[in-house]
Structures are given as C-alpha cells and as structure tokens.
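Notes for the structure review
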Amino acid sequence: DQQVKQNSPSLSVQEGRISILNCDYTNSMFDYFLWYKKYPAEGPTFLISISSIKDKNEDGRFTVFLNKSAKHLSLHIVPSQPGDSAVYFCAASPRQAGTALIFGKGTTLSVSS
Amino acid sequence: DTAVSQTPKYLVTQMGNDKSIKCEQNLGHDTMYWYKQDSKKFLKIMFSYNNKELIINETVPNRFSPKSPDKAHLNLHINSLELGDSAVYFCASSQLQGTKNIQYFGAGTRLSVL
C-alpha cells in the first residue's frame, strides 16, 4: 500500500530545459512534503520542502508546487543541468516533526548536454 | 566534515552471523533514525530515537536492535543475519522544531548476506 507514489520511474531532459517531476499521495494526514536528491552510493540529500499551508516554494532553480485538493506535488527544475542527473525522491510526513518520512520509489532524472 | 556518518560503508557476511552498523551525527540534532532501502528501492523507516529514547519501532524482526548511547549516536545491531536482510541501511537525523521534518541522511551501509 503505497502512500506516496512517483509514477514515472525515469525522465530524460535536455540541458537548459525544464524538468518536471511528479508525486502523488493518498494520506490526508500528510502535512509536510520534501524532495530529496540521491546520487549512486550516496545518501539522499535534502533539496526543498513545502508545508501544506503553502502551494509553492522556490529555491533558486528549484520550485515545488503543492495541490492539496488533488493530493499532488511537483518539482520543477529550471534550467536543468547535467549535474542534476540523479534519483529524486518525494517524501511526506504528518505535521509533527520527528515522525517517519514516507518515501516514493524515486524518479531517475537524466539531463543530457 | 561529514554531518551524518555511517560505518562501515560495505558489509559482506555469512548467514547466521551477528553484525553492527554505527552511526554518528555532528549536527547537534536530538532525533535519529534508521531506514532500510530494499531491492525494490523503497526507503522505509525502521526505528527512531529522540534523546536516546525509542519513539518509532516499525514492524521489524527482534533480531534488529538499535542502541543509542547518546543523542549523537544510533547504532544498529543485527543478530542471526538472513539472506533477506541484504539491503542498504541509511541513518538519518533531525531536530524537532515546529512542523518541519527535514531529515539528513548518511551515505548508507550496503549489507550483503551470503
């Protein structure tokens, strides 16, 4: 029973274009959402997050959008760079800090130059 | 200067052995976690400790026992290893503050049980 779903296992984008990674969730108790980036043989690295009281959060080239009614979030990377090639995990948690993060299965992003 | 460090990075062992994985964080966080990434690539919580006290214990076999000597360390001891224990184990830490739940991960320990 997957509570966080990333339905696209992979995405290929050209350098300079926009990358859009999608994530859906089913649990209405989720209140805080995060994106992590992971390179091979390394741990997940925190990228950006958003609270359910917002619908957008931006940090440099990275923007996360949250559509709470659709239980959907997306990560936009503009412009995409070859160094962005990695696995991107969507994660969610209930309001309380210190609880477990529930992860999606990840999307492998490949940015070609 | 690594924030969350795990040792060893790779661990190859025989079925039935007992092994430990160590984790240390220098971020001053008060909460630490163990996650398991299985062959299907899902990252799932195993345990969580806050100030040396267990706060999350998912359905994990009793052969897995976390130990937190202080709030900067959370070690994972595994008894009687089985083939199905082969996975990548990640340690993480966070600071309880409001509603944010940003967790910082170590590089992982790849356990192979033969």
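Located above this text is the structure these notes cover.
Below is a summary of the structure that appears in this document. (Residues numbered from 1 in each chain as written. Chains lettered and ligands numbered in written order. Predicted model: local features only at pLDDT ≥ 70, side-chain atom pairs only at ≥ 80, totals over all residues. Heavy atoms only, no water.)

Here's the deal with unusual backbone geometry
Following Val78(A), the chain continues into Pro79(A) via a peptide bond in cis, with omega recorded as -15°. Along the chain, Pro79(A) falls in the loop between strand E8 (72-77) and strand E9 (86-94). The residue after Thr7(B), namely Pro8(B), is reached through a cis peptide bond having omega -5°. Along the polypeptide, Pro8(B) turns up in the loop between strand E1 (4-7) and strand E2 (10-13). Its identity as a non-glycine residue notwithstanding, Lys71(A) has a phi of 50°, on the positive side. By the element assignment, Lys71(A) lies in the loop between strand E7 (62-67) and E8. Although it is not a glycine, Asn51(B) sits at a positive phi angle of roughly 50°. (Helix = DSSP H or I, 4+ residues; strand = E, 2+ residues; numbered from the N terminus.)

A short note on the interface of chain A and chain B
With 23 residues of chain A in contact, the opposing surface of chain B contributes 26 residues. The tally of links from chain A across to chain B stands at zero salt bridges. The interface formed by chain A and chain B holds six residue pairs in polar contact (both at pLDDT 80 or more) in total. When grouped by side-chain class, the residues that make up the side of chain A that touches chain B number eleven nonpolar, eight polar and four charged. (Contact = heavy atoms within 4.5 Å. Salt bridge = Lys/Arg side-chain N within 4 Å of Asp/Glu carboxyl O. Polar contact = N/O pair within 3.5 Å; in protein donor to acceptor, adjacent residues only side chain to side chain. Nonpolar A, V, L, I, M, F, W, Y, C, P; charged D, E, K, R; others polar.)

A short note on the pattern of salt bridges
Residues and elements named next belong to chain B. Under the definition given, this model contains three salt bridges over all chains. Note that glutamate 82 is salt-bridged to arginine 63, the shortest N-O span being 3.5 Å. Of the two residues, glutamate 82 sits in the loop between strand E8 (73-78) and strand E9 (87-94) while arginine 63 sits in the loop between strand E6 (53-57) and strand E7 (64-70), which places them 19 residues apart along the sequence. What makes glutamate 82 partly exposed here is its relative accessible area of 41%. As a salt-bridge pair, aspartate 85 and arginine 63 come within 2.8 Å of each other at their nearest N and O atoms. Remark: arginine 63 occurs in the loop between E6 and E7 and aspartate 85 occurs in the loop between E8 and E9; sequence separation between them is 22 residues. Comparing aspartate 85 with arginine 63, the two get one shared label, buried. Residues participating in the shared-partner salt-bridge network are Arg63, Glu82 and Asp85. (Buried < 20%, exposed > 50% of the residue type's maximum accessible area, 1.4 Å probe, protein only.)

What to know about the sheet that holds strand E1 (residues 4-5) of chain A
Residue and element names in this part refer to chain A. If you trace the five strands from one edge of the open sheet to the other, you get E1-E3-E8-E7-E6, paired in antiparallel fashion. Edge positions in the sheet fall to E1 and strand E6 (56-59), since each of these pairs with one other strand and no more. One ladder, built from four bridges, connects E6 with E7; its direction is antiparallel. Bridging across to E7, glutamate 58 finds its partner in threonine 63. (Pairing = 2+ DSSP bridges.)

With respect to the nonpolar core
One finds Phe33(A), Trp35(A), Leu73(A), Leu75(A) and Tyr88(A) to be the most contacted residues of the largest nonpolar core, which totals 23 residues. Among the elements of the structure, strand E3 (19-25), strand E4 (30-38), strand E5 (45-51), E7, E8, E9 and strand E11 (107-112) of chain A are those that each provide at least two residues to this core. Those residues within four positions of Tyr88(A) in sequence are excluded, and the remaining contacts are Gln6(A), Leu21(A), Trp35(A), Tyr36(A), Lys37(A), Leu47(A), Leu75(A), Ile77(A), Gly106(A), Thr107(A) and Leu109(A). Membership of the second largest hydrophobic core comes to 20 residues, among which are Trp34(B), Val60(B), Ile78(B) and Ala87(B). (Core = buried A, V, L, I, M, F, W, Y, C linked by side-chain atoms within 4.5 Å.)

Details of the layout of surface pockets
By volume, the largest pocket amounts to about 400 Å³. Counting only elements with at least two residues in the lining of the largest pocket, the list comes to E9 and E11 of chain A together with E9 and strand E11 (109-113) of chain B. When grouped by side-chain class, the residues that make up the lining of the largest pocket number ten nonpolar, eight polar and seven charged. Of the volumes computed, that of the second largest pocket is approximately 320 Å³. Lining the second largest pocket are 13 residues; nearest its centre among them are Asp1(A), Gln2(A), Gln3(A), Ile102(A) and Lys44(B). (1 Å grid on protein atoms, 1.4 Å probe; cavity = no way out; pocket = protein on both sides within 12 Å on 5 of 7 lines; lining within 4 Å. Points joined across faces, edges and corners; volume = space filled by probe spheres on them.)

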